[in-house]
Amino acid sequence: MKGQQQWKNIALVCVFVMLISKTYSLPLSTNGRWIVDATTGQRVKLMCVNWPGHMQGMLAEGLHLRPLNDIAALVAKLRFNCVRLTYSIHMFTRHANLTVQQSFENFDLKNTIAGIAQNNPSILNMTLVQAYGAVVDSLAAHRIMVVSDNHISQPRWCCDNNDGNGFFGDRYFDPQEWLQGISLAAQSLKSKSQVVAMSLRNELRGPNQNVEKWFQYMSQGAKLIHQINPNALVVVSGLSYDTDLSFLKNRSMGFNLDNKLVFEAHLYSFTNNMGDFWMSKPLNTFCASVNQGFEDRAGFLVRGQSPIPLFVSEFGIDQTGVNEGQKRFLNCFFTYLTENDFDWGLWALQGSYYYREGVKNAEETFGVLDSTFAKAKNSKLFLQKFQLMQSKLQDPSSNLTTSFIMYHPLSGGCVRMNKKYQLGISSCKTSNRWSHEQDGAPIKLAGSILCLKAIGVGLPPILSQDCSSQQSIWKYGSNAKLQLATVDEQGQALCLQRASHSHQIVTNKCLCSNDSQCQEDPQSQWFTLVPSNLRRIN
């Protein structure tokens, strides 16, 4: 009997693997603004985590602390389907024959060498390029896609305006060596199908940046990568730390690499020196301006007559959860990311570094993993906040009518009706779908004649067949477009709100809805309608 049960378990695992293997095939391509399976045309959403390998050691972080396979398995367990794996140009052009052990001996990192020997002995005597490939292979074994990212030229921490790596022609950024480096990287990785994309350069910046050189070299690099590996997507970054692609509004690159061209952009709470503003500025107004700013500089690429995919390849916050301003940023930016269902890459996986800016075993507070690479630093924060982000919401191959998921960014949950027709915040995987034709229209429970209706201050809204009264008409009630508002019988504005210390939803007087200078915190009332044309989210 025990043997029979073992065979049953093996059979179930095989079925599960077969189901997983049918979720997408490689290579990938583009269809308008979407990244898709080149064979089926179905959407493949990149949900990535950044894993640096561009620092002084030129090896993916953490291999002195955990076996490579264990880290790859943890990446998959945390529901990332992709890793943005960084490298330095000099690794390919100047240090390709250097072994991992020799690389770390250059910095007298004896304990690190001993840790790699214990946890990943086969890695130690590989060349740096071979070790990079071994990381790719381990991720591939767990069906994790890889975006190979040229992060910098000189192996070191990135980035500042004067580090000599910012723009073509800077001290350590020779354009010809860069072309040689990305060419060698593409040749090294072209046989690895799990490398679905190659990013040309991270965060161009500094006093020497200019648009004409950007077009010259990025066009040259993109075509070179495509010539070497026509199966890979080519990811192109912008200017000003990859925050600005606005110059593409009036001038395109003039090619799409046979539907392989993707652009990328970054945003952090501290971008453009705005870090302190999340606690000092009126939150509704500031959130609206930040999201609109991202739209104006990069998000516009997915609109219009010739849309193209945008990969938000870096954003992140302190994963310890102690920085309230950064949490406000994340709640704000998440609404924009989810409403547009962007492909994305979180900074970062690593909880610590071999060596960063002169410090051994330096901590990374933005890292999802703890400093030992054994578990998530803040699994509650991560799993709750990312549940909707780690789901494919839209697919150009779907024939289903678009409906809406009502999303509450502060909690990371979505609105669900229970058996008593009461509304509360629950898992987004089991949330209800809604229809809302326009601002100033009823919000209807999809597939029914029931509409959301407000009853009064502090009271739960109800689902009613009365869809014509003023209490059943809803619109976004602030410039941030994050508060769903109606009025009561006396004409007082009411907004949906998560009740204090509860998952229940009530309506209350709208916070900061018409006051652009209001300093109250309206996040409990932040709800947004996220479009989806898929039957379920995974």
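Residues numbered from 1 in each chain as written. Predicted model: local features only at pLDDT ≥ 70, side-chain atom pairs only at ≥ 80, totals over all residues. Heavy atoms only, no water.

A tally of regular secondary structure across the chain gives 13 helices and 24 strands. On the principal axes, the C-alpha backbone points of the chain span a range of 75 × 70 × 45 Å. When the 538 residues of the chain are sorted by exposure, 59% land in the buried category. Counting only contacts in the chain whose residues sit at least 6 apart along the sequence, the fraction spanning at least 24 positions is 71%. Here the chain contributes 49 positive and 40 negative side-chain charges, whose respective centroids are spaced 8 Å apart. (Helix = DSSP H or I, 4+ residues; strand = E, 2+ residues; numbered from the N terminus. Buried < 20%, exposed > 50% of the residue type's maximum accessible area, 1.4 Å probe, protein only. Contact = heavy atoms within 4.5 Å. Lys, Arg positive; Asp, Glu negative; His and termini not counted. Charge placed at Lys NZ, Arg CZ, Asp CG, Glu CD.)

A word on the state of the cysteines. Inspection of every chain in the model, using the stated rule, returns seven disulfides. One disulfide bridge connects cysteine 158 with cysteine 159, the sulfur atoms lying 1.4 Å from each other. Sign of the S-S torsion, about 60° for the bond between cysteine 158 and cysteine 159, identifies this disulfide as right-handed. No difference in accessibility class separates cysteine 158 from cysteine 159, as the two residues are buried. (Disulfide = S-S within 2.5 Å.)

All right, on to the sheet that holds strand 20 (residues 475-476) then. Strand order across the open sheet formed by four strands is 20-21-22-23, with antiparallel pairing between neighbours. Taken across any chain shown, the strands that pair with only one partner, and hence form the sheet edges, are strand 20 and strand 23 (505-509). (Pairing = 2+ DSSP bridges.)

Before going further, it helps to spend a moment on the pattern of salt bridges. All told, the structure shown has 18 salt bridges when counted by the stated rule. Residues glutamate 264 and arginine 84 are paired through a salt bridge, measuring 3.4 Å at the closest nitrogen-oxygen approach. Here glutamate 264, found in strand 8 (residues 261-266), pairs with arginine 84, found in strand 4 (residues 82-88); they are 180 residues apart in sequence, far enough to count as distant. Just as glutamate 264 is buried, arginine 84 falls in that class too. A salt bridge links lysine 192 to aspartate 137, with the shortest nitrogen-to-oxygen separation between them at 2.9 Å. Remark: aspartate 137 occurs in helix 7 (residues 128-141) and lysine 192 occurs in the loop between helix 8 (175-189) and strand 6 (195-199); sequence separation between them is 55 residues. Looking at aspartate 137, the relative accessible area reads 40%, which means it is partly exposed. (Salt bridge = Lys/Arg side-chain N within 4 Å of Asp/Glu carboxyl O.)

All chains considered together, the criterion is met by 33 aromatic pairs. Seen from their ring centres, tryptophan 214 and phenylalanine 215 are 5.0 Å apart, and the 85° between their planes marks the pair as edge-to-face. Above the plane of the ring of phenylalanine 300 lies lysine 249, whose end atom (NZ or CZ) is 5.2 Å from the centre. Over the ring of tryptophan 157 we find arginine 356; its NZ or CZ atom is 3.6 Å from the centre of that ring. (Phe/Tyr/Trp six-rings, centres within 6.5 Å; stacked < 30°, edge-to-face > 60°. Lys NZ or Arg CZ within 6 Å of the ring centre and 35° of its normal.)

In an α-helix, one full turn covers 3.6 residues, which means residues spaced three or four apart are oriented alike. When the terminal C-alpha atoms of helix 9 (residues 211-228) are compared, their 26 Å separation across 18 residues agrees well with the 26 Å that a helix rising 1.5 Å per residue should span. By the burial criterion, the buried members of helix 9 are Trp214, Phe215, Tyr217, Met218, Ser219, Gly221, Ala222, Ile225, His226 and Ile228. Contact partners of the buried residues in helix 9: helix 8, strand 6, strand 7 (233-236) and strand 8. For helix 9, the N-terminal capping position is held by asparagine 210, with its side-chain oxygen 3.3 Å away from the main-chain nitrogen of glutamate 212. (Expected span 1.5 Å × (residues − 1). Polar contact = N/O pair within 3.5 Å; in protein donor to acceptor, adjacent residues only side chain to side chain.)

Another aspect to go through is the UniProt feature "domain: Glycoside hydrolase family" (unreviewed entry) in the chain. Summarizing the sequence annotation, UniProt attributes the feature "domain: Glycoside hydrolase family" (unreviewed entry) to residues 67-350 in the numbering used throughout. Across residues 67-350, helical content stands at 42% and strand content at 14%; the span's end C-alpha atoms are separated by 14 Å. (UniProt positions renumbered as here; feature names shortened; annotations may be inferred.)

What follows concerns the side chain of glutamine 387. Here glutamine 387 shows up in the loop between helix 13 (379-385) and strand 13 (403-408). Judged by its relative accessible area of 18%, glutamine 387 falls in the buried class. Here cysteine 428 takes part through its backbone nitrogen, which lies 2.9 Å from a polar atom of the side chain of glutamine 387.

With that settled, the discussion passes to the sheet that holds strand 4. Read around the barrel, eight strands follow the order 3-4-5-6-7-8-9-10 and close on themselves; strand pairing throughout is parallel. Adjacent strand axes in the sheet meet at a mean angle of 30°, parallel and antiparallel pairs treated alike. Pairing of strand 5 (residues 145-152) with strand 6 involves four bridges; the strand directions are parallel. Residue pairing across strands places serine 148 opposite methionine 198, the latter belonging to strand 6. Docked against the sheet, helix 7 engages strand 3 (47-51), strand 4, strand 5 and strand 6, running at close to 180° with respect to strand 4. Along the sheet, helix 8 contacts strand 4, strand 5 and strand 6; its crossing angle with strand 6, the most-contacted strand, is approximately 180°. (Axes fitted to C-alpha atoms, helices over the stretch in contact; angles between N-to-C directions.)

The next point concerns the packing of helix 2 (residues 68-77) against helix 7. Taken N-terminus to C-terminus, the directions of helix 2 and helix 7 make an angle of 50°; their axes are 9 Å apart at the nearest point. In terms of their interaxial angle, helix 2 and helix 7 are classed as oblique. For helix 2 against helix 7, the interelement crossing comes out right-handed. Residues Leu68, Asn69 and Ala72 of helix 2 lie in contact with helix 7, whose contacting residues are Ala134, Val135, Ser138 and Leu139. Class assignment for the residues of the contact of helix 2 with helix 7 results in five nonpolar, two polar and no charged. (Parallel < 35°, antiparallel > 145°, perpendicular 65-115°, else oblique. Left-handed = near helix turned anticlockwise from the far one by under 90°. Nonpolar A, V, L, I, M, F, W, Y, C, P; charged D, E, K, R; others polar.)

Between leucine 26 and the following residue, proline 27, the backbone shows a cis peptide bond with an omega angle of 10°. Mapping proline 27 onto the fold places it in the loop between helix 1 (2-21) and strand 1 (28-31). Of note, tyrosine 241 is a non-glycine position whose phi angle comes to about 65°, a positive value. Here tyrosine 241 lies in the loop between strand 7 and strand 8. Phi at aspartate 258 takes a positive value of approximately 55°, unusual for a residue other than glycine. For aspartate 258, the location among the structural elements is in the loop between strand 7 and strand 8. For aspartate 258, a relative accessible area of 60% puts it in the exposed group.

With that settled, consider the pairing of strand 8. Residues in a regular strand project their side chains so that they alternate between the two faces of the sheet. A large share of strand 8 lies buried, amounting to six of its six residues. Bridge count between strand 7 and strand 8: three bridges; the pairing is parallel. Paired with valine 234 across the strands is leucine 261, a residue of strand 8. As paired strands, strand 8 and strand 9 (residues 310-315) are joined by three bridges and run parallel to one another. In the sheet register, histidine 266 faces strand 9, and the bridge partner there is glutamate 314.

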